[in-house]
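As a plain string of letters, each chain reads:
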Amino acid sequence: MLTSYQIGEAWKNAVRDAVPVNEFCVERFGKEPRLFMDFDPRDLPGKKDCPYIAFVPHGSPSGGEEEDEREFAVSVFLGTKDGAVEESGREIVYTGRSVIERNFNPLVVAAIEQSGEFVPGRHSWEVAQLDSGFFLLENVFTVNLPNTLGLD
């Protein structure tokens, strides 16, 4: 039976092998991203792990055996430590939020979508600054797959 965990694993492997993701992280942060498949809530990834990408499967798929489709969900978290500041005249711009939203996240999303495995349907995301220069972006992806007559 297919699980959200298997979808997360396939996406982790696709992102792990995605040259644009790795090149961006090396150029911006000095190293390739750490990859987590799920995580321990008592020992969450943090600043020391940045940049990181964590794939966290949600529980059971929605939709019973009598329905035509089942919906699976996986969260993909991105963590960065980026306290960069750009100053120009009177303007001061803290770029960490922009970098995770406009640069890092689109590369990860593209790697997932282009993997050909479990192409996501709906996708939403939000970003938070957890500490000075420490940003966390959470993507929530859903995948709708045909229910194979209860045989999956």
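Rules and cut-offs
Residues numbered from 1 in each chain as written. Predicted model: local features only at pLDDT ≥ 70, side-chain atom pairs only at ≥ 80, totals over all residues. Heavy atoms only, no water. Salt bridge = Lys/Arg side-chain N within 4 Å of Asp/Glu carboxyl O. Helix = DSSP H or I, 4+ residues; strand = E, 2+ residues; numbered from the N terminus. Buried < 20%, exposed > 50% of the residue type's maximum accessible area, 1.4 Å probe, protein only. Phe/Tyr/Trp six-rings, centres within 6.5 Å; stacked < 30°, edge-to-face > 60°. Pairing = 2+ DSSP bridges.

Novice: What should I look at first to understand the pattern of salt bridges in this one?
Specialist: Side chains bearing opposite charge may pair, as long as their charged atoms lie close to each other. Throughout the structure, instances matching the rule amount to seven salt bridges. One salt bridge connects Arg 28 with Asp 82, and the closest N-O pair in it is separated by 2.8 Å. Taken together, the positions of Arg 28 in helix α2 (residues 19–29) and Asp 82 in the loop between β3 (69–81) and β4 (85–88) put the pair 54 residues apart, joining distant regions of the chain. When its relative accessible area of 35% is taken as the criterion, Arg 28 is described as partly exposed. Among the ionic contacts, a cluster of salt bridges with common partners joins Arg 34, Lys 48 and Asp 49.

Novice: What is the right way to read the packing of aromatic side chains from this model?
Specialist: Here the distance between the centres and the angle between the planes together describe a pair of aromatic rings. For the coordinates displayed, the defined rule picks out six aromatic pairs. Centre to centre, the rings of Trp 11 and Phe 141 are 5.3 Å apart; their planes meet at 70°, and the pair counts as edge-to-face. Of this pair, Trp 11 sits in helix α1 (residues 4–16) while Phe 141 sits in strand β7 (residues 134–146), and the two are 130 residues apart along the sequence. Among the residues examined, Trp 11 registers a relative accessible area of 0% and is labelled buried. Summarising the aromatic geometry, the rings of Phe 36 and Tyr 52 are spaced 5.9 Å apart at their centres and angled 85° between planes, so their arrangement reads as edge-to-face. Remark: Tyr 52 occurs in strand β2 (residues 52–57) and Phe 36 occurs in strand β1 (residues 34–37); sequence separation between them is 16 residues. Assigned by exposure class, Phe 36 and Tyr 52 land together as buried.

Novice: Sorry, what's going on with the pairing of strand β6 (residues 123–131) here?
Specialist: Both faces of the sheet carry side chains from a regular strand, because those side chains alternate between them. Bridge count between β6 and β7: eight bridges; the pairing is antiparallel. When the sheet's bridge partners are listed, His 123 is paired in β7 with Phe 141. Counting the residues in the hairpin turn of β6 and β7 gives two residues, including Gly 133, whose phi is positive at 75°.

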